[in-house]
Amino acid sequence: MSVNTTVRRLPTRRVAPSAVAMLQAARQGLADSAEATAPANRYVAAHLSALRAAAALLATREPAGTNRRGRPRSVWVLLPEADPALSEWAAFFAAGADKRAAAEAGLPRAVTAREAEELLHDAEIFVALVEDTLGLPGQPTIPIADSRAS
């Protein structure tokens, strides 16, 4: 009996360099968020990471009915049109845009430490999901230091 030892390789998906660069920027933003000590900075960096990941996906797919001459639309509005499976994520991050703006503006108590931690966690999941959707190898989750550890 003969055994075929040939390994069948799946075709790799080619992703535009601009989309890869946006995903790299998203990963860097997650690292910045993990290192930030102020909740506002952590929240802003995490939210912008998710925004960059969504933009990377949009760079690979043009939503149906996109009119480039029309009024500019939010990434969070375009994302569900490009990939309906990401509709809930788009709504989630769109809902946090005002909070991010308040944090960027330096408003006191714009975000709590817990909100920033939770958003970082959610942004990490979202970035990994976009990488998976685009067929790109994911990166390891960034470990977050436990402030209770000595």
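Scoring rules and cut-offs
Residues numbered from 1 in each chain as written. Predicted model: local features only at pLDDT ≥ 70, side-chain atom pairs only at ≥ 80, totals over all residues. Heavy atoms only, no water. Core = buried A, V, L, I, M, F, W, Y, C linked by side-chain atoms within 4.5 Å. Buried < 20%, exposed > 50% of the residue type's maximum accessible area, 1.4 Å probe, protein only. Helix = DSSP H or I, 4+ residues; strand = E, 2+ residues; numbered from the N terminus. Contact = heavy atoms within 4.5 Å. Phe/Tyr/Trp six-rings, centres within 6.5 Å; stacked < 30°, edge-to-face > 60°. pLDDT = per-residue confidence, 0-100. Axes fitted to C-alpha atoms, helices over the stretch in contact; angles between N-to-C directions. Parallel < 35°, antiparallel > 145°, perpendicular 65-115°, else oblique. Nonpolar A, V, L, I, M, F, W, Y, C, P; charged D, E, K, R; others polar. Salt bridge = Lys/Arg side-chain N within 4 Å of Asp/Glu carboxyl O.

Novice: Which residues make up the nonpolar core, and what are the values?
Specialist: It is characteristic of soluble globular proteins that their nonpolar side chains tend to be buried jointly. In terms of nonpolar packing, the biggest core is built from 31 residues, with Leu23, Ala53, Leu57, Trp76, Leu79, Phe126 and Val130 touching the most fellow members. Among the secondary structure elements, those contributing two or more residues to this core are α1 (17-35), α2 (39-60), α3 (75-82), α4 (87-95) and α6 (113-133). Looking at this core element by element, the count peaks at 8 residues for α2. Those residues in contact with Leu57 that sit more than four places away from it in its chain are Leu79, Ala82, Asp83, Leu86, Val130, Thr133 and Leu134.

Novice: Quick one: what's the story with the environment of Arg42, residue by residue and with numbers?
Specialist: Considering the arrangement of structural elements, one finds Arg42 in helix α2. Using a relative accessible area of 9% as the deciding quantity, one classes Arg42 as buried. Measuring from C-alpha to C-alpha, the distance between Arg42 and Gly29 comes to 9.3 Å, with 13 residues separating the pair along the chain.

Novice: Can you tell me about the packing of aromatic side chains, naming the residues and giving the values?
Specialist: Two aromatic rings, taken as a pair, are described by how far apart their centres are and by the angle between their planes. Overall, the coordinates contain 7 aromatic pairs when judged by the stated rule. Three or more aromatic residues joined by ring pairs form one cluster here, namely Trp76, Trp89, Phe92, Phe93 and Phe126.

Novice: Report on unusual backbone geometry, specifying residues and quantitative values.
Specialist: Despite not being glycine, Arg109 shows a phi value in the positive range, around 60 degrees. Relative to the elements of secondary structure, Arg109 occurs in the loop between α5 (97-104) and α6.

Novice: Quick rundown of the confidence of the model for the protein? Include the residues and the values.
Specialist: Scored by pLDDT, the protein comes out at a mean of 83, with 77% of its residues at no less than 70. Averaged pLDDT values over the elements of the protein bottom out at 94 in α3 and peak at 97 in α4. For residues 1-12, every residue scores under 50 in pLDDT, and the model assigns this stretch 0 contacts once sequence neighbours within four places are set aside. Here residues 144-150 is modelled with pLDDT under 50, and outside its nearest four sequence neighbours on either side it reaches 4 contacts, counting other chains as well.

Novice: I'd love a proper account of the packing of α3 against α4, names of residues and values included.
Specialist: Where α3 meets α4, the closest approach of the two axes is 8 Å, and the angle between their N-to-C directions is 175 degrees. Overall, the two elements α3 and α4 adopt an arrangement that is roughly antiparallel. Listed contacts from α4 to Trp76, Leu79 and Pro80 of α3 are Ser87, Ala90, Phe93 and Ala94. Considering only residue class, the contact of α3 with α4 consists of 6 nonpolar, 1 polar and no charged.

Novice: Give a detailed account of the pattern of salt bridges, specifying residues and quantitative values.
Specialist: Scanning the model with the defined rule gives 7 salt bridges in all. In this structure, Arg27 and Glu131 form a salt bridge, with 3.0 Å as the shortest nitrogen-oxygen distance. Of this pair, Arg27 sits in helix α1 while Glu131 is found in helix α6, placing the two residues 104 residues apart along the sequence. Residue Arg27 is classed as buried on the basis of its relative accessible area of 12%. With its nearest N and O atoms 3.4 Å apart, the salt bridge here joins Arg100 to Glu104. Of the two residues, Arg100 and Glu104 both sit in helix α5, 4 residues apart, roughly one turn of that helix. Residue Arg100 is classed as buried on the basis of its relative accessible area of 16%.

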